[in-house]
Structure formats: C-alpha cells, structure tokens
Amino acid sequence: MRRDGPWLRAAQGAGLLSPSGELQGTVFGEMSELARTTGAVNLGQGFPDYSGPRELLDEAIEAISRGENQYPPPRGTADLRLAIAEHQLRFRGVTLDPDREVLVTVGATEALAATVLGLVEPGEDIVVFEPHYDAYGALAHLADARLVTVPLRWPAFRPDHDELRRAVTDRTRLIIVNTPHNPTGAVLPRETLELVVELAARHGAIIVTDEVYEHLAFDGEHIALASLPGAASRTLSIGSGGKTFSVTGWKVGWVTGPATLIEAVLAVKQYLSYVGSGPFQPAVAVGLRLPEARFEEERDRLRAKRDLLVTALRSRGLETATPSAGYFAIADAASIGYTDATELCRRLPGEIGVVGIPVAALCTPERQGDYRSLVRFAFCKSDAVLEEGMRRLDRLGELSR
Ligand SMILES: *Cc1c(COP(=O)(O)O)cnc(C)c1O
C-alpha cells in the first residue's frame, strides 16, 4: 500500500507516527486502553462519568419517540439555531441571525474541521496557543497549513503579548483562540483578546474562538471574543452541547459568525457529515434555554470537583496549578522527582492504577521539552471515582525509580 497522502501529514501533525513510521493511536486512546486493561481509574480523557440535566435526556427520548430520526436540515433544525442565537444574546450580548449566521455541526470537532478545511489555503499560517487541543495540529496538516504556536507557560499559563505579536503576520489566515483553555484551564484576559482582535485586523486574519468550556469558568470572567469591539465581522465562534451539558457522546456543536464565513464552513461541512445528531438537536435546544441558575449549578458542581482534585494532588506533594475553568488540572511531576511525564503516565495505570495524560502530547514537537514533566488529570468525574483515584495516588512513593 502507498504510504503517503494528507492523512500522513495529519498523523504527523497530531504526533501519531512512531519513530519507525507506524501509525499509533492517540495518547488518549493509548491511556484509555491502559485504563481498561489494568482496571485503573481513568483521569485521562475529558468526559464526565455522569449525564447532564434531566430535561435534556427526557427531550432526546421524546424526540426519538416522536419520530425525529431522519436527516435534519443542513444548517441544523430551525429551533436549535434560534436557541443558539437566543443563548448568545442572553449570555454574551451578541446578536445573530439564526438563518444565516448559525450552523449546527457534529460536535465542535466538525465545526473546527470544516472551518480549517474551508478557509485555509496550503502554506498559510494558523496561530494557536500551546499546549493545544490535539485536533488543531492534525487539521493544520490536513489543510497543508503551518501551525504557529504561542506558549502558555507553567504555572500561570498567561501568554506573552510580544510572542503573540511576533506569531501573527501577513501569512496568518486563522488565529484559533481557545478560551477557557484546554488543557491549562486558563481563562484568557480581556487584554489578550483585544490584542488578538487588533492583530487580526492589522494582518487580515480570521479569528476562530473555541469556547466549548464557556459555561465552566470558575474564577475570572469568560469573555466571548465576538462581543469585543471590531471582532464580530471577522470572528467565528464555536460551542459544544456535549461539553456544556455533560453529554459528550451526543456530538451537537455549532459555529456562529458572519454569513459569508458560515457559507464557506457549510460548503465543507455538508460533504463531511452532511448532517448529524437529529434527535439530540431538540434536546440541546432545551438545554440552551434553561434558566441561568442551572448553568451555575453545573459549574459549581465542577468547581467543587476541581477543588477536591487540586487539594488532593497538592497534599501528595505534587505541585499543581489551579485551573480557572474546564475539566482539567495540571501537575508537575518534577516536584516528586519525575522529569519525564510521558514515561510516568505509561507506568501509572499498571503500577498504581491511575491514568493521566502527559501534557507534552498536546504540544508541537519543538516545544515538548518545555512541558516534559507536566501531567493533566481530569476532574469531571464522580466524587467516588476522584476519591478512589486519590487513594491510589497515595502509593506514588512506592513507584520503582
Ligand atoms: C472537547 C473539545 C472539543 C470538541 O468538542 P465536541 O463537541 O465533543 O466535538 C473542541 N475543543 C476543545 C478545546 C475541547 O476540549
């Protein structure tokens, strides 16, 4: 078989080629498999082990019973698009035309894929913060674009504005801003977002904001980039029903922004999946219309889990950054004598029964060294699972060196 093609670049971009050129699974797949075969507590992959609000689950069941089981419209059901527009206005003060400026996608993942494939020409630059969600690297390579990264450094994970200024040039086609940020839990401050808008305007770039954790900011205010002056005309905003409502398997996402950009994204999206998640679309519409207090409840539940995990990691001697948002906390294994987190993460499941993800797996090869000793743990798990995970981490000291 021929061993070339865009898939190979994508695999390379996502760090999925072994030194001998074999295609490997993602680190998430590898670690989840280790969790399964060893019975380890899986604090690796970021999915909740509980389901979201009852109202959504009931509506999905009812939609299936009502017979909403065929292809929904290409842009998503009219009612979900309306609910997305209402939600953006209620929480972010952004006004959208639900017929032209809203597109429902198969998760935020498809929104990202169709955006990158639809808007970026070969050889153009995509600027992202690092470490980054792994799909950005793979998509950049599929589009034959260059991924340019701006580091967020341990432990504050704040970007250096001069580094950001240097990264954005006339070659930049997209600036992908993920706030709140996976995996660091950083909520990017207003000044950084304003600088992104200024740089995008100066260099003619399009801004893509990945805001899948928009409702999960514990400290600090999540600012929707599209709500800043001068931003709306050049910004695509991406959201996820799966992340917002703890139903990650439903894969209902959306992208909103100027009608001409949405057209371009739709042109690709309709040949990726065409449509998806039919009966889950009305359910997510119900979720987006829930009273504010319900969003706060979900956030507060997760904040308590963050506190539980961060306190427990620190009490075991692991220096841990306090994440301001999201599903994950990052600890520095060097503080307990391990400088190579990838090696440590491969041993943890078998030796003490816990799974974490090495942060270097979420970095470009050139910068992996800076993140070598960092481990990401997910806290979007039931308290019983978190407590069992921490009980097992009590045996960290018994690891053979
Ligand atoms: C989970 C995640 C996504 C993908 O969201 P889906 O709706 O599950 O496709 C995109 N971006 C970030 C930063 C994520 O953490």
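What counts, and where the lines are drawn
- Residues numbered from 1 in each chain as written.
- Predicted model: local features only at pLDDT ≥ 70, side-chain atom pairs only at ≥ 80, totals over all residues.
- Heavy atoms only, no water.
- UniProt positions renumbered as here; feature names shortened; annotations may be inferred.
- Helix = DSSP H or I, 4+ residues; strand = E, 2+ residues; numbered from the N terminus.
- Expected span 1.5 Å × (residues − 1).
- Buried < 20%, exposed > 50% of the residue type's maximum accessible area, 1.4 Å probe, protein only.
- Contact = heavy atoms within 4.5 Å.
- Phe/Tyr/Trp six-rings, centres within 6.5 Å; stacked < 30°, edge-to-face > 60°.
- Lys NZ or Arg CZ within 6 Å of the ring centre and 35° of its normal.
- Patch = residues over 30% accessible without salt bridge, like charges linked within 9 Å, V, L, I, M, F, W, Y side chains within 5 Å.
- Areas by Shrake-Rupley, 256 points an atom, 1.4 Å probe, with all protein chains shown as cover.
- Salt bridge = Lys/Arg side-chain N within 4 Å of Asp/Glu carboxyl O.
- Arc of directions from axis to C-beta.
- Domains from an automatic or database assignment.
- Polar contact = N/O pair within 3.5 Å; in protein donor to acceptor, adjacent residues only side chain to side chain.
- Nonpolar A, V, L, I, M, F, W, Y, C, P; charged D, E, K, R; others polar.
- Near = heavy atom within 4 Å.

- Per an unreviewed UniProt entry, the protein is named N-succinyldiaminopimelate aminotransferase, and its organism is Pseudoclavibacter helvolus.
- Regarding the protein, the relevant UniProt record gives this comment under Sequence similarities (unreviewed entry): "Belongs to the class-I pyridoxal-phosphate-dependent aminotransferase family."

A short note on helix 4 (residues 78-92)
Consideration 1: The terminal C-alpha atoms of helix 4 lie 21 Å apart, and with 15 residues this matches the ideal 21 Å at 1.5 Å per residue to within 8%.
Consideration 2: Among the residues of helix 4, L80, R81, A83, I84, A85, H87, Q88, F91 and R92 are the ones counted as buried.
Consideration 3: Packing partners of the buried residues in helix 4 comprise strand 2 (102-105), strand 8 (253-256), helix 11 (280-288) and helix 12 (292-315).
Consideration 4: Of the residues trailing helix 4, G93 is marked for its positive phi of about 70°.

What to know about the packing of aromatic side chains
Consideration 1: The final tally for this structure, using the stated rule, is nine aromatic pairs.
Consideration 2: Between the aromatic rings of Y133 and Y136, the centroid separation amounts to 5.9 Å while the plane-to-plane angle is 65°, which identifies the pairing as edge-to-face.
Consideration 3: Under the relative-accessibility criterion, Y133 is labelled partly exposed at 24%.
Consideration 4: In this structure an aromatic cluster arises from ring pairing among F91, F245 and F295.
Consideration 5: Taking the ring centre of F47 as reference, the NZ or CZ of K381 above it sits at 3.8 Å.

A few points about a nonpolar patch on the surface
Consideration 1: A cluster of nonpolar side chains, contributed by L117, L142 and L272, occupies part of the molecular surface with about 220 Å² of accessible area.
Consideration 2: Secondary-structure assignment places L142 in helix 6 (residues 134-142).
Consideration 3: Judged by relative accessible area, L142 falls into the partly exposed class, the value being 34%.

Quick look at the environment of S32
Consideration 1: With respect to the element layout, S32 can be found in helix 2 (residues 27-38).
Consideration 2: On a C-alpha basis, the gap between S32 and G356 in space is 9.5 Å, while along the polypeptide they are 324 residues apart.

Regarding helix 1 (residues 6-13)
An α-helical segment advances 3.6 residues per turn. Residues three or four places apart therefore align on the same side.
Consideration 1: Looking at helix 1, one finds that the buried residues are L8, A10 and A11. One side of helix 1 holds all its buried residues, which, seen down the axis, span an arc of 160°.
Consideration 2: On the buried face of helix 1, the contacting elements are helix 6.
Consideration 3: Two residues or fewer after helix 1 comes G15, characterised by a positive phi angle close to 70°.

Here's the deal with the domain arrangement of the protein
Consideration 1: In terms of domains, the protein is made up of domain 1 (6-51 + 294-395) and domain 2 (54-291).
Consideration 2: The C-alpha centroid of domain 2 is placed 24 Å from the C-alpha centroid of domain 1.
Consideration 3: Contact with domain 1, which involves 41 residues of that partner, is made by 44 residues of domain 2.
Consideration 4: One can count three salt bridges joining domain 1 with domain 2.
Consideration 5: The residue E130 makes a salt bridge to R367 at a minimum N-O spacing of 2.7 Å.
Consideration 6: Where domain 1 packs against domain 2, one counts 17 residue pairs in polar contact (both at pLDDT 80 or more).
Consideration 7: Considering every element that reaches the side of domain 1 that touches domain 2, the biggest residue donor is helix 12, with seven residues.
Consideration 8: Here the residues of the side of domain 1 that touches domain 2 are counted per class, giving 23 nonpolar, eight polar and ten charged.

What about the site of the ligand?
Consideration 1: If you check the shell around the ligand, you find G107, A108, T109, Y133, N178, N182, D210, V212, Y213, S240, K243 and K251 and nothing else.
Consideration 2: With respect to the ligand, the side chain of K251 contributes an N or O atom lying 2.7 Å from an oxygen atom.
Consideration 3: Starting from 380 Å² of accessible surface for the ligand in isolation, the protein chains cover 94%.
Consideration 4: Ranked by residue count, the leading element in the shell around the ligand is helix 5 (residues 107-119), at three residues.

Some remarks on the pattern of salt bridges
Consideration 1: This model, assessed by the stated rule, comprises 33 salt bridges.
Consideration 2: Of the charged contacts, one joins E86 and R289 as a salt bridge, the two residues approaching to 3.0 Å between their closest N and O atoms. Here E86, found in helix 4, pairs with R289, found in the loop between helix 11 and helix 12; they are 203 residues apart in sequence, far enough to count as distant.
Consideration 3: On the basis of relative accessibility, which here comes to 35%, the residue R289 falls in the partly exposed class.
Consideration 4: The salt bridge involving R146 is made with D125; its shortest N-O contact spans 3.0 Å. One end of the pair, R146, is in strand 4 (residues 146-151); the other, D125, is in strand 3 (residues 125-130), and 21 residues separate them in sequence.
Consideration 5: Several salt bridges converge on common partners, so that one network encompasses E55, R294 and E297.

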